[in-house]
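Structure at a glance
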Amino acid sequence: MKMALVSIATIFVVAFFATFAYASDPSPLQDFCVAVNDTEAFVFVNGKICKNPNMVVAEDFLFRGLNKPGNTSNPLGSRVTPVTVNQLPGLNTLGISAVRIDYAPNGLNPPHTHPRATEILILLKGTLYVGFVTSNPADPALKNKLFATYLHPGDVFVFPQGLIHFQFNVGKTNAVAFAGLSSQNPGVITIANAVFGSDPPINPAVLTKAFQVEKDVIEYLQAQFWWNID
C-alpha cells in the first residue's frame, strides 16, 4: 500500500512539473495588447480575426508583385517589399511571411531587428556584406560579437530572432534578395529611427549618457529625417 502511494505521488509530481514546463502564453503577434475589463471588451485579438471559411477564396492566399523591383530612390538606397499578413490575409495563423529587398549600389538595409521572427535571406543578384550582433554577453568583460560575411548569388544567411542585423550592397550593380521570416507579422525595429526619431523624442539627457557624447550631437541626430525603407 505504501509503495502504491509513493508511486502515485511520483506520477503526480512528474505530471505536474511536465505540465508546468510546457505551459506558455502564445507568441505575440503585435507590439502590445492592453487588457480591458470583460464588460468593456470588444473584439481585439493577438493577430487577425479569422474570416468565415465559407467566404474564403483563392485570392486570399495570393500576392502578386514580387517580380517588380522596389524603388531604391531614397537616402538609404534600398527598399523592402513585405508580404506579411497585412498584404496576404491567408498567412493568418500560419507563422510565416516573406520580403523582397532591393539595393542600389551602396544601398543599405540599416541595423534593425525583427522582434517576432528569425529571418533567412537568399541573395539572387549582386554582392552583399551582411551580419548580426549577439545579445549582451553574460561576462561583462566581453563585447557583443559580430557575425558578418559577404554574400554572392545563391548564398543563404540566417539572422536569429530579435538580434540586430544589416545588409549592405558592396557591389557596383543593383542587388536583389528574398527572405523568409518565421512570423505572420515579424515587426521591424530600425535602431537609429527608434532611438533618434521617436515621437515624442527621447530626452537628450538619456541619450547623451547612453552614447557618451555631447548633447549637441544627440540634438543633431534627433533633428534628422529618419527614413523607413518598408
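All of these numbers come straight from a predicted model, not from anything done at the bench.

**Details of the pairing of strand E3 (residues 108–113)**
Judged from the three bridges that link them, E3 and strand E8 (residues 164–169) form a sheet pairing that is antiparallel. What sits directly across from His-112, in E8, is His-165.

**Considerations on the packing of helix H3 (residues 204–211) against helix H4 (residues 215–222)**
Between H3 and H4, the least distance of the axes is 9 Å, while the angle of their chain directions is 115 degrees. Accordingly, the angle class assigned to the pair H3 and H4 is roughly perpendicular. Note that H3 runs across H4; the crossing there is right-handed. Contacts from Pro-204, Leu-207, Thr-208 and Phe-211 of H3 reach H4 at Lys-215, Ile-218 and Gln-222.

**Considerations on the pattern of salt bridges**
Counted according to the given criterion, the structure contains three salt bridges. Measuring nitrogen to oxygen at the nearest pair gives 3.0 Å for the salt bridge that ties Asp-60 to Lys-51. Classification of Lys-51 by relative accessible area gives partly exposed; the value is 43%. The residue Arg-100 makes a salt bridge to Asp-102 at a minimum N-O spacing of 2.9 Å. Each member of the pair Arg-100 and Asp-102 is classed as buried.

**A closer look at the sheet that holds strand E2 (residues 97–103)**
Taken in spatial order, the five strands line up as E1-E2-E9-E4-E7 in an open sheet, and their pairing is antiparallel. Two strands bound the open sheet, and with one partner strand each, they are strand E1 (78–83) and strand E7 (156–159). With direction set aside, neighbouring strand axes in the sheet form an average angle of 20 degrees. With six bridges connecting them, strand E4 (residues 119–125) and strand E9 (residues 175–181) associate as antiparallel partners. Bridging across to E9, Leu-123 finds its partner in Ala-177.

**Here's the deal with the UniProt feature "binding site: oxalate" (unreviewed entry) in the protein**
The feature "binding site: oxalate" (unreviewed entry), as annotated in UniProt, sits at Asn-109, His-114 and Glu-119 in this numbering. Along the chain, Asn-109 falls in strand E3. In this view, Asn-109 contacts Ser-78, Val-80, Ile-101, Tyr-103, Phe-166, Gln-167 and Ile-229; residues no more than four positions away in its chain are not counted. With respect to the helices, strands and loops of the structure, Glu-119 is situated in strand E4. Residue classification places Glu-119 among the buried residues on the basis of a relative accessible area of 3%. Leaving out residues up to four positions away in the same chain, Glu-119 has contacts with Ile-101, His-112, His-114, Phe-157, Val-158, Phe-159, His-165, Gln-167, Ala-179, Gly-180 and Leu-181. A polar contact of 3.0 Å, which involves the side chain of Glu-119, links it to the side chain of His-114.

Rules behind the numbers
- Residues numbered from 1 in each chain as written.
- Predicted model: local features only at pLDDT ≥ 70, side-chain atom pairs only at ≥ 80, totals over all residues.
- Heavy atoms only, no water.
- Pairing = 2+ DSSP bridges.
- Helix = DSSP H or I, 4+ residues; strand = E, 2+ residues; numbered from the N terminus.
- Axes fitted to C-alpha atoms, helices over the stretch in contact; angles between N-to-C directions.
- Parallel < 35°, antiparallel > 145°, perpendicular 65-115°, else oblique.
- Left-handed = near helix turned anticlockwise from the far one by under 90°.
- Contact = heavy atoms within 4.5 Å.
- Salt bridge = Lys/Arg side-chain N within 4 Å of Asp/Glu carboxyl O.
- Buried < 20%, exposed > 50% of the residue type's maximum accessible area, 1.4 Å probe, protein only.
- UniProt positions renumbered as here; feature names shortened; annotations may be inferred.
- Polar contact = N/O pair within 3.5 Å; in protein donor to acceptor, adjacent residues only side chain to side chain.

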